[in-house]
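Single-letter residue listing:
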Amino acid sequence: MSRSFSLRWTGLLALLTIGWFLLACASDEPPQAQQAAEQQADAQASQPAAQEQQAEAQSQAEEQAATQQTQSSPASARTLEGVRGIVDPSNRGWPREVEGLNGVVSIPAKPLRIITASVGHDEMTLALVPNERLVAVGSATKNSTYSNVAALVQDKPEISRDPEVIVAQSPDVVVTSPFFPVEAIDALERVGIVVVQTELIQSPEARINSILLMGYIFGEEERAFEFADEVQGRYESLISVTGAKSPQPNVLALTQYSDTLWVAGGNSTEGGVIVAAGGVNAAEVAGITGNQTTSLEGVIAMAPDIIVIAQPIEFGAAEFRQSLLDNEALAEVPAIRDGAVHVVESKHFTTLSYWNIRGAEDLARLLWPEDFPDPPAESFSLAE
């Protein structure tokens, strides 16, 4: 690697690290919980995802239209037609082509050694392929604060986003997120590694599209069809109850990092969780899109009935909750007045994988305990 490339890479990681800490912590990509470039650049599971949610807002409508067909059909009738990113849905052989954010990519053979360098992609990968085919993970995927699959990957080699570190693991394919550095993709491609940079958008339709696209990339179409049914079925079972509830409470997803308050508005991952659980996103009603900063005055104006704190305990969630309850300026806010302030599992609320359905199930139990007396299924199925 040239000295100039190394300097550019080091500089980029430094900028990402600073950005992570300024925006403070959440789930899979900048800047939610991936604090410092996967540990540090892939620990986004606890920081507000400002950049990520802005990208969601820009492409949500297009994604929903493009994937409506794949969301609505049962597994027995599922096809690859209409799956965003698959160039030729009729081609079930090798090589095959997909179109990622980094352009059209040819995959020469079924990948047996997979790396993603992304928590959300690791979570999806382990649902689609046997564990041994995911050959290395970032430190955030091993960290149970950020990752829903940490227990499954403790024995795997740990990587960073340094191309040389990834190359040393001899992957057949790297499937990664929109936040993987362009310079790193270029470096990997120059040494012949197949890289597919895919979207991470968590609308219900996009969630299914991601599963089917990744299944195609990995040569596991049938497992992808099966798992898409599982995920869709679990989501539809939830909203069949929550979608009929009325009146729905105003719910505010609120966190605090470095003395700065953050809320999750429309087109945010946390906002999607709130809506699926049968709540009204108070920040979205206030005109907020994505993850944005706010003030005590803003919280008062939004007047939430319930506040959820999708922030890790390690990052002061319990202390933040108590400070809200003790703040006299907030005493007349309905959630504060009624003590309806809840610390929730941040990795369920902020992940950019199907695991955010678990967050919606957990929240639904808080909002509608009589309708959901039993805990949700602890996990999702894994590939065999």
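Please refer to the structure placed before this passage.
On a predicted model such as this, the values are computed, not experimentally measured, just so you know. (Residues numbered from 1 in each chain as written. Predicted model: local features only at pLDDT ≥ 70, side-chain atom pairs only at ≥ 80, totals over all residues. Heavy atoms only, no water.)

Section: the overall build of the chain
Secondary structure summary: the chain contains 16 helices and 16 strands in total. Put simply, the chain has 384 residues, and 57% of those count as buried. Once local pairs closer than 6 in sequence are excluded, the contacts in the chain between residues at least 24 apart make up 60%. A total accessible area of about 14900 Å² is found for the chain, and carbon and sulfur atoms account for 51% of it. (Helix = DSSP H or I, 4+ residues; strand = E, 2+ residues; numbered from the N terminus. Buried < 20%, exposed > 50% of the residue type's maximum accessible area, 1.4 Å probe, protein only. Contact = heavy atoms within 4.5 Å. Areas by Shrake-Rupley, 256 points an atom, 1.4 Å probe, with all protein chains shown as cover.)

So, the pattern of salt bridges
Summed over all chains, the structure comprises 13 salt bridges. Glu 222 is the partner of Arg 92 in a salt bridge, and the nearest nitrogen-oxygen pair spans 3.0 Å. Here Arg 92, found in the loop between helix H3 (50-72) and strand S4 (96-100), pairs with Glu 222, found in helix H9 (residues 221-242); they are 130 residues apart in sequence, far enough to count as distant. On the basis of relative accessibility, which here comes to 40%, the residue Arg 92 falls in the partly exposed class. You can call Glu 222 exposed: its relative accessible area is 52%. Where Asp 338 meets Arg 337, a salt bridge forms, and the shortest distance between an N and an O atom there is 3.2 Å. Judged by its relative accessible area of 52%, Asp 338 is exposed. Because the salt bridges share partners, they merge into one network encompassing Arg 92, Arg 96, Glu 221 and Glu 222. (Salt bridge = Lys/Arg side-chain N within 4 Å of Asp/Glu carboxyl O.)

Let's talk about the packing of aromatic side chains
Counting across every chain of the model gives 6 aromatic pairs. Among the aromatic residues, ring-to-ring pairing joins Phe 227, Tyr 354, Trp 355 and Phe 380 into one connected group. Above the ring of Tyr 216, the side-chain terminus of Arg 96 is found at 4.3 Å from the ring centroid. Directly above the aromatic system of Tyr 235 lies the positively charged group of Arg 207, at a separation of 5.4 Å from the ring centroid. (Phe/Tyr/Trp six-rings, centres within 6.5 Å; stacked < 30°, edge-to-face > 60°. Lys NZ or Arg CZ within 6 Å of the ring centre and 35° of its normal.)

Describing the pairing of strand S12 (residues 260-264)
Counting buried residues in S12 gives 4 out of 5 residues, a clear majority hidden from the surface. Alignment of strand S11 (residues 250-257) against S12, held across 4 bridges, turns out to be antiparallel. If you follow Thr 255 over to S12, its bridge partner there is Trp 262. Taken together, S11 and the strand that follows it, S12, pair antiparallel across an intervening segment of 2 residues, in which Ser 258 is found at a positive phi of about 50°. Where S12 meets strand S14 (residues 291-294), 4 bridges bridge the pair, whose relative direction is antiparallel. Its bridge partner being in S14, Ala 264 is matched across the sheet by Asn 291. (Pairing = 2+ DSSP bridges.)

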